[in-house]
Amino acid sequence: MTDMRLFPNDDDEVVRGLRSLYAAPAGDAYWNELEARIMARVADVELDWWTELDRWIRPALAAAAVLLVAAGVAMFRAHETEADIAADTMLSSPAVPVSTAIRPALQDDREARIRFLFGR
Amino acid sequence: MTAATTIELPIGMSSAADARADERALVVAAQRGSSEAFARLVRLHQRRAYAVCRAIVSTHEDAEDAVQEGFLHAYKALDRFLPDQPFGAWLYRIMANASLDLVRRRKVRDADELPETVPIPFRDPGESDELRRRLSEALTRLTDRQRSVIVLHDVEGFTHGEIGGMLGIPEGTARSDLHHARAALRRILKDVRSDL
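Thresholds applied
- Residues numbered from 1 in each chain as written.
- Chains lettered and ligands numbered in written order.
- Predicted model: local features only at pLDDT ≥ 70, side-chain atom pairs only at ≥ 80, totals over all residues.
- Heavy atoms only, no water.
- pLDDT = per-residue confidence, 0-100.
- Contact = heavy atoms within 4.5 Å.
- Helix = DSSP H or I, 4+ residues; strand = E, 2+ residues; numbered from the N terminus.
- Buried area = accessible area lost by both parts, 1.4 Å probe.
- Salt bridge = Lys/Arg side-chain N within 4 Å of Asp/Glu carboxyl O.
- Polar contact = N/O pair within 3.5 Å; in protein donor to acceptor, adjacent residues only side chain to side chain.
- Nonpolar A, V, L, I, M, F, W, Y, C, P; charged D, E, K, R; others polar.
- Buried < 20%, exposed > 50% of the residue type's maximum accessible area, 1.4 Å probe, protein only.

1. Here we look at the confidence of the model for chain B
Any segment with low pLDDT has predicted coordinates that should not be analysed in fine detail. Residues and elements named next belong to chain B. Overall, the predicted model of chain B reaches an average pLDDT of 83, with 81% of residues at or above 70. This model gives residues 1–5 a pLDDT under 50, and the stretch forms 16 contacts once residues within four places in sequence are excluded. Contacts for the low-pLDDT stretch residues 123–128, under 50 throughout, to residues beyond four places or in other chains number eight contacts. Both scores are available for the predicted complex, with the pTM at 0.65 and the ipTM at 0.75.

Encoded structure:
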């Protein structure tokens, strides 16, 4: 098996040297502070998100209101057009014949009365 | 992820399996909007995340910046993470990407400006050892990727596969980079060591 150590004879010394060069800072205070800095930046991201939302909420509400009004106007116009069409249809339909407009019962009474007068 | 909801967070860890389950619970809670859970994940991973970033960038300050950027990216992408996957591997890949981005930005900036100062690696106040000083110099003569691979492998103990995943290179390339980095370091340090 290949010797994977950096320096087979005195590997420890050099690796120790490398470790001390690349050593992470010791002490909890440092890490607590770093954690606080990271979390502060995370909170900024959250804040940015809300700020962005806040920035967009007014234009979004205005756009929604405009859309609502436009939809209302369109619905009103559609309703009005429907009513106009119905009225036009009624007015343009053929007139009812006079004979059918007179009640048959009334016609019969009149004939009976004439027959009665001339029959005397 | 907005308003934090009341979520039961794990309190302690007893074994590796429990730790994994606890971490999964934290991830799920963080995905549901608990910033406390995300803070716990930061606490759990920030040291290792720093080590990954530090292996890629050239200074302690850049490593700090990359860690913060990395956690921020992770937070924003948390919804897309599948909780059944290992969180650490996912997070360290994000850290490596944040570090590589920073290195690229620094290179562009340095190409635009005349360097006023040479970046000085972070050192412990007690560091005065000649070997470490020269080791530091020798490391600057390696390529960025060779340096990252050797530190991630020999100092941080990541496998070739993990390193490949983090740096976006095939495992075989990570392996050969490590071989070349070691050879270069041996060559550079050969004279130094005979002087000591």
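2. Details of the confidence of the model for chain A
On average, chain A scores 77 in pLDDT, and the residues at 70 or more come to 71%. The secondary-structure element of chain A with the lowest mean pLDDT is helix α3 (residues 98–101) of chain A, recorded at 56, while helix α2 (residues 28–92) of chain A shows the highest, at 85.

3. What to know about the interface of chain A and chain B
In this complex, chain A contributes 31 residues to the contact, which on the side of chain B involves 40 residues. Between chain A and chain B the total buried area reaches about 3600 Å² when both faces are included, carbon and sulfur atoms providing 63% of it. Three residues, Leu21, Tyr22 and Arg41 of chain A, lead the burial of chain A against chain B; their summed loss comes to 22% of the area buried on that side. At the boundary of chain A with chain B, the tally comes to four salt bridges. Its salt-bridge partner being aspartate 28 of chain A, residue arginine 47 of chain B comes within 3.1 Å of it at the nearest N-O pair. Where chain A packs against chain B, one counts six residue pairs in polar contact (both at pLDDT 80 or more). Elements that contribute at least two residues to the side of chain A that touches chain B include exactly α1 (11–21) and α2 of chain A. It is α2 of chain A that provides the largest number of residues to the side of chain A that touches chain B, a total of 14 residues. Taken together, the residues that form the side of chain A that touches chain B break down as 20 nonpolar, two polar and nine charged.

4. Details of the pattern of salt bridges
Taken as a whole and assessed by the stated rule, the structure comprises 14 salt bridges over all chains. Of the charged contacts in the structure, one is a salt bridge between arginine 24 of chain B and aspartate 84 of chain B, with a shortest N-O distance of 2.8 Å. Taken as a pair, arginine 24 of chain B in helix α1 (residues 16–31) and aspartate 84 of chain B in the loop between α3 (60–77) and α4 (87–112) lie far apart in primary sequence, 60 residues in all. Its relative accessible area of 57% is what places aspartate 84 of chain B among the exposed residues. A salt bridge links aspartate 144 of chain B to lysine 107 of chain B; the nearest nitrogen and oxygen atoms lie 2.7 Å apart. Remark: lysine 107 of chain B occurs in helix α4 and aspartate 144 of chain B occurs in helix α6 (residues 144–155); sequence separation between them is 37 residues. Judged by its relative accessible area of 28%, aspartate 144 of chain B falls in the partly exposed class. Three or more residues are tied together by salt bridges with common partners; here these are Glu33 and Arg37 of chain A together with Glu64 of chain B.

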